[in-house]
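Next come the chains, spelled out residue by residue.
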Amino acid sequence: MSSLAVRKAAPAAGTTPGTAQGPPLRHRIAFVPTLTLLLGALYCLLPVAWVLIAATKSGRELFSTFTFLPGSGFTQNVKDLNAYRDGIYWQWMGNSALYAGLGALLSTAVSALSGYALAIYRFRGRETVFGVLMAGVLMPPVILAIPQYLLLAKADLTDSYASVLLPLILSPYGVYLARIYSSAAVPGDVVEAGRMDGASEWRIFTRIALPMMVPGLVTVFLFQFVAVWNNFLLPYIMLSDDEKFPITLGLFTLLEQGSNTPALYTLVITGALLAIVPLIALFLVIQRFWSLDLLSGAVKS
């Protein structure tokens, strides 16, 4: 019988026999960052949920119903927003698309050229130039807003589309990202091989280096587009004609008028909700090319 008896497992080292064992320590530690991420996601998504629900409420429902209870006035809010001042809201949206699209495109092109040059070429003062760019990354935009206004005022360019676009072309953070990505993605041996084959520097950049840099440049474009789309301070200082306002400044003027006309609050909330849609659409479209380029960027060349 002793050979058929089942022997009990010996208790783990460092534990007392007969006591219940809790979850492993690593599981308890992993729970803390998970909870932190969930709280952070809740903190970020709660305002979005409020805007989404508040946009469905009429002016009467907005101030008389529970905060997260959907209303029945979304369609009418969109109609009122479309009719406000002959649809100036959509002109503000078009202005934002112009500022963000063209500004991000030009900024990405400048960042690509500058980052590639700082990463590939060796010249005196290169690190000094890069240090100045890093200082620009750390400098708050509010410090540069007034000097930029004074410079553009001297050139008689204030209250124009150029006054918003020109300061956005050079992005120190974009140049920094482009340099870091160029250093990692463009091998020096490939550049030297192109030179030995007789290719010009411009041809090496456009035909060899640029396809390798595409994933990083997509990131630069996305960051710059979102930054310009959400930019408020620069247009607020530069522009006085409300027909040139971007969506951020246009909604701000509506919000100011709402203090005297509460009915405009529903237009502001509905307009804020619709202003998020292009950013979501852009991210979904770019994410597809982003994933593809991360897998095939070096193969394209």
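What you are looking at is a predicted structure, and each value in this text was computed from that prediction instead of being measured.

A count of helical and extended segments in the protein gives 13 helices and 0 strands. The secondary structure elements of the protein, listed N-terminal to C-terminal, are α-α-α-α-α-α-α-α-α-α-α-α-α. Taken over 301 residues, the protein has a buried fraction of 33%. Excluding contacts between residues fewer than 6 apart, the proportion of contacts in the protein whose partners are at least 24 apart in sequence is 72%. As presented, the protein carries roughly 18300 Å² of accessible surface, and 68% of it is formed by carbon and sulfur atoms.

In this structure, Asp-86 is a non-glycine residue whose phi angle is positive, near 60 degrees. Note on placement: Asp-86 falls in the loop between α3 (74–83) and α4 (88–120). In the Ramachandran plot, Asp-156 falls in the positive-phi region, its phi being about 60 degrees despite a non-glycine side chain. By the secondary structure assignment, Asp-156 is in the loop between α6 (141–154) and α7 (161–165).

Looking now at the pattern of salt bridges. Going through the model one piece at a time under the given rule, you end up with 6 salt bridges. Across the salt bridge formed by Asp-242 and Arg-85, the nearest N and O atoms sit 2.7 Å from each other. Remark: Arg-85 occurs in the loop between α3 and α4 and Asp-242 occurs in the loop between α11 (233–238) and α12 (247–258); sequence separation between them is 157 residues. Here the salt bridges do not stand alone but share partners, grouping Arg-126, Glu-127 and Arg-179 into one network.

On to the packing of aromatic side chains. This model, assessed by the stated rule, comprises 15 aromatic pairs. Taken together, a centroid distance of 5.0 Å and an interplanar angle of 80 degrees make the contact between Tyr-89 and Trp-90 edge-to-face. Residue class for Trp-90 comes out partly exposed when judged on its relative accessible area of 39%. A connected cluster of aromatic rings, assembled from ring pairs, spans Tyr-116, Tyr-121, Trp-202 and Phe-205.

Before going further, it helps to spend a moment on α12. In this model, α12 (12 residues) spans 16 Å end to end at C-alpha, consistent with the 16 Å of a helix rising 1.5 Å per residue. For α12, the complete set of buried residues consists of Ile-247, Leu-249, Gly-250, Leu-251, Thr-253, Leu-254 and Gly-258.

Time to look at the side chain of Thr-56. Examined against the element boundaries, Thr-56 turns out to sit in the loop between α1 (25–54) and α2 (59–64). What makes Thr-56 buried here is its relative accessible area of 18%. Not counting residues within four places of it along the chain, the set of residues in contact with Thr-56 comprises Glu-61, Pro-70, Gly-71, Ser-72, Gly-73, Phe-74 and Asn-77.

Counting 35 residues, the largest nonpolar core has Tyr-89, Trp-92, Phe-225, Trp-229, Ile-247 and Leu-254 as its most contacted members. Listed by contribution, the elements that provide at least two residues to this core are α4, α7, α10 (201–229), α11, α12 and α13 (264–296). Among the nonpolar cores identified, the runner-up in size contains 13 residues, and Ala-112, Ile-120, Val-186 and Met-212 belong to it.

Relative orientation of the contacting elements helix α5 (residues 126–138) and helix α8 (residues 172–185) amounts to 130 degrees, with a least axis distance of 8 Å. Compared by their axis directions, α5 and α8 come out oblique. Helix-helix and strand crossings are classified by hand; for α5 and α8 the assignment is left-handed. Seen from α5, the contacting residues are Arg-126, Glu-127, Phe-130, Leu-133, Met-134, Gly-136 and Val-137; seen from α8, they are Pro-172, Tyr-173, Val-175, Tyr-176 and Arg-179.

On to the confidence of the model for the protein. Overall, the predicted model of the protein reaches an average pLDDT of 84, with 86% of residues at or above 70. Of all helices and strands in the protein, the one with the weakest mean pLDDT is α13 (80), whereas α4 scores best (94). Below a pLDDT of 50 lies the segment residues 297–301, which in the model reaches 9 contacts outside its immediate sequence neighbourhood of four places, other chains included.

Together, Phe-31, Val-32, Leu-35, Leu-39, Leu-42, Leu-46, Trp-50, Phe-66, Phe-68 and Leu-69 make up an exposed nonpolar region whose accessible area comes to about 990 Å². In this structure, Phe-66 sits in the loop between α2 and α3.

Attention now goes to the environment of Thr-206. On the secondary structure map, Thr-206 appears in helix α10. The spatial distance from the C-alpha of Thr-206 to the C-alpha of Leu-113 is 9.9 Å, given a sequence separation of 93 residues.

Quick notes on the rules
Residues numbered from 1 in each chain as written. Predicted model: local features only at pLDDT ≥ 70, side-chain atom pairs only at ≥ 80, totals over all residues. Heavy atoms only, no water. Helix = DSSP H or I, 4+ residues; strand = E, 2+ residues; numbered from the N terminus. Buried < 20%, exposed > 50% of the residue type's maximum accessible area, 1.4 Å probe, protein only. Contact = heavy atoms within 4.5 Å. Areas by Shrake-Rupley, 256 points an atom, 1.4 Å probe, with all protein chains shown as cover. Salt bridge = Lys/Arg side-chain N within 4 Å of Asp/Glu carboxyl O. Phe/Tyr/Trp six-rings, centres within 6.5 Å; stacked < 30°, edge-to-face > 60°. Expected span 1.5 Å × (residues − 1). Core = buried A, V, L, I, M, F, W, Y, C linked by side-chain atoms within 4.5 Å. Axes fitted to C-alpha atoms, helices over the stretch in contact; angles between N-to-C directions. Parallel < 35°, antiparallel > 145°, perpendicular 65-115°, else oblique. Left-handed = near helix turned anticlockwise from the far one by under 90°. pLDDT = per-residue confidence, 0-100. Patch = residues over 30% accessible without salt bridge, like charges linked within 9 Å, V, L, I, M, F, W, Y side chains within 5 Å.

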